[in-house]
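Each chain, written out:
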Amino acid sequence: VDRRSYSLSADLHATNGSIGDALRDIPSVDVDPQGNISVRGNADVTIMVDGQPSALFKGQSRAAALQSLPADQYERVEVITHPSAAFKPDGTGGIINLITTKSRHRKPTATISVSANNAGWRKAAISGTYASGGLSFTANGGYSRYTSQTDQQTTETLIDPGSVASAAVATISQARSKSFYAHGGGSADDDVDANTRLSANVDSGAFAGKHTLFGSYRSSATSGVLAQDYNN
């Protein structure tokens, strides 16, 4: 046994949250508020979908995808904490395999979710399913936006050894961050017979980020080497 499997059917976060929210409830898996994932403290994690690599969960877009993709697209999660060389020859800290929900609803369904918090997250997602006979279709889309601001101020007294003059100096710094992620995708399954299923899926995503730093230096001195006043 090289993996543990966890059902999402009874998870409240899987009903109205993102897949990142649901993964926080999985033992040995941690997802921080920025969407960074680790298994047993190791951040070298590979995320797969139905046993295959997914471009959505690679690179810079992975954290945003975890925070925006609705969890109800997946029926269970497999966690492999000690993957063999069959998965990756040079090793990895762990593998998370997301098993998609194979919906067979006879009536079309649609789910819309909107969420926000005081930490700066704004998220919205929509998904839908349709089935007829052996054919089933799913589609989803959404976006997430995150903004944050950190302010810091220090005050100190500096002394010029040459003139023994002193000055009160205030240093202020401000960091602002904005990130935006949008995605969309769809899949289709065709049960040709009891032993044969044809599947196709397409996913697309876009990510943008902006980080701004501002600083100021203010001295009470009006002359000498301590008299400095500038922004950067």
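Whatever comes next refers back to the structure up there.
A few points on the structure.

1. Some thoughts on the overall build of the protein chain
For the protein chain, the helix and strand inventory stands at three helices and 13 strands. A globule of 232 residues ought to have a C-alpha radius of gyration of about 17 Å, yet the protein chain, at 25 Å, is considerably larger. Across its three principal directions, the C-alpha atoms of the protein chain cover 90 × 40 × 25 Å. Expressed as a percentage of the 232 residues in the protein chain, the buried residues total 34%. Contacts spanning at least 24 positions in sequence make up 59% of the contacts within the protein chain whose residues lie at least 6 apart.

2. Side note on the environment of Thr-157
Looking at the element boundaries, Thr-157 is found in strand S10 (residues 135-159). Here the alpha-carbon distance between Thr-157 and Ala-116, two residues 41 residues apart in the chain, equals 43 Å. Those residues in contact with Thr-157 that lie beyond four places of it in its chain are Ser-166 and Ala-167.

3. Some remarks on the sheet that holds strand S1 (residues 4-7)
Strand order in this open sheet of five strands is S1-S6-S7-S4-S5, and the pairing throughout is mixed. The strands lining the two open edges of the sheet, one partner per strand, are S1 and strand S5 (52-53). Relative to strand S7 (residues 94-100), strand S6 (residues 74-80) runs antiparallel, the two sharing six bridges. Residue pairing for S7: Tyr-74 is matched across the bridge by Thr-100.

4. Comments concerning the sheet that holds S10
Pairing in this open sheet of six strands is antiparallel, and the strands run S8-S9-S10-S11-S12-S13 from one edge to the other. Lying at the two open borders of the sheet, with one neighbouring strand each, are strand S8 (109-116) and strand S13 (229-231). Each neighbouring strand pair of the sheet contributes to a mean axis angle of 10°, computed without reference to strand direction. The sheet contact formed by strand S12 (residues 196-219) and S13 spans three bridges and is antiparallel. For Ser-216, the partnering residue across the bridge sits in S13 and is Asn-231.

5. With respect to the pattern of salt bridges
One pass over the structure, following the stated rule, counts five salt bridges. The residue Glu-78 makes a salt bridge to Arg-3 at a minimum N-O spacing of 3.0 Å. Here Glu-78 is found in strand S6, whereas its partner Arg-3 is found in the segment before S1, with 75 residues between them in sequence. Assessed through its relative accessible area of 10%, Glu-78 is described here as buried. Accessibility expressed as a relative area gives 31% for Arg-3, which makes it partly exposed. With a closest N to O distance of 3.9 Å, Asp-21 and Lys-123 form a salt bridge. Of the two residues, Asp-21 is situated in helix H2 (residues 19-23) and Lys-123 in strand S9 (residues 121-132); the sequence distance between them amounts to 102 residues. Of the two residues, Asp-21 and Lys-123, neither departs from the other in class, the shared state being buried. Each of Arg-3, Arg-76 and Glu-78 takes part in salt bridges that share partners, so that together they form one network.

6. Here we look at the side chain of Thr-100
Position of Thr-100 among the secondary structure elements: in strand S7. Reaching out from Thr-100, the side chain makes a polar contact with the side chain of Asp-50 at a distance of 2.8 Å. With sequence-adjacent residues up to four places away left out, Thr-100 is seen in contact with Val-49, Asp-50, Gln-73, Tyr-74 and Glu-75.

7. Here's the deal with the packing of aromatic side chains
Applying the stated criterion across every chain, the model contains three aromatic pairs. With 4.9 Å between their ring centres and 40° between their planes, Trp-121 and Tyr-146 make a pair best called tilted. Linking Trp-121 in strand S9 with Tyr-146 in strand S10, this pair joins segments that are 25 residues apart in sequence. An identical accessibility class is assigned to Trp-121 and Tyr-146; each is buried.

8. Some words on the nonpolar core
Formed by 24 residues in total, the largest nonpolar core has its most connected members in Ile-19, Leu-23, Ile-37, Phe-57, Ile-96 and Leu-98. Secondary-structure elements contributing two or more residues to this core are H2, strand S2 (29-31), strand S3 (37-39), strand S4 (45-49), helix H3 (61-68), S6 and S7. Residues contacting Ile-19, with those up to four places away along its chain left out, are Leu-8, Ala-65, Leu-66, Leu-69, Pro-70, Ala-71, Tyr-74 and Leu-98.

Parameters and conventions
Residues numbered from 1 in each chain as written. Predicted model: local features only at pLDDT ≥ 70, side-chain atom pairs only at ≥ 80, totals over all residues. Heavy atoms only, no water. Helix = DSSP H or I, 4+ residues; strand = E, 2+ residues; numbered from the N terminus. Rg over C-alpha atoms; globule rule 2.2 N^0.38 Å. Buried < 20%, exposed > 50% of the residue type's maximum accessible area, 1.4 Å probe, protein only. Contact = heavy atoms within 4.5 Å. Pairing = 2+ DSSP bridges. Axes fitted to C-alpha atoms, helices over the stretch in contact; angles between N-to-C directions. Salt bridge = Lys/Arg side-chain N within 4 Å of Asp/Glu carboxyl O. Polar contact = N/O pair within 3.5 Å; in protein donor to acceptor, adjacent residues only side chain to side chain. Phe/Tyr/Trp six-rings, centres within 6.5 Å; stacked < 30°, edge-to-face > 60°. Core = buried A, V, L, I, M, F, W, Y, C linked by side-chain atoms within 4.5 Å.

These figures capture arrangement, not role.
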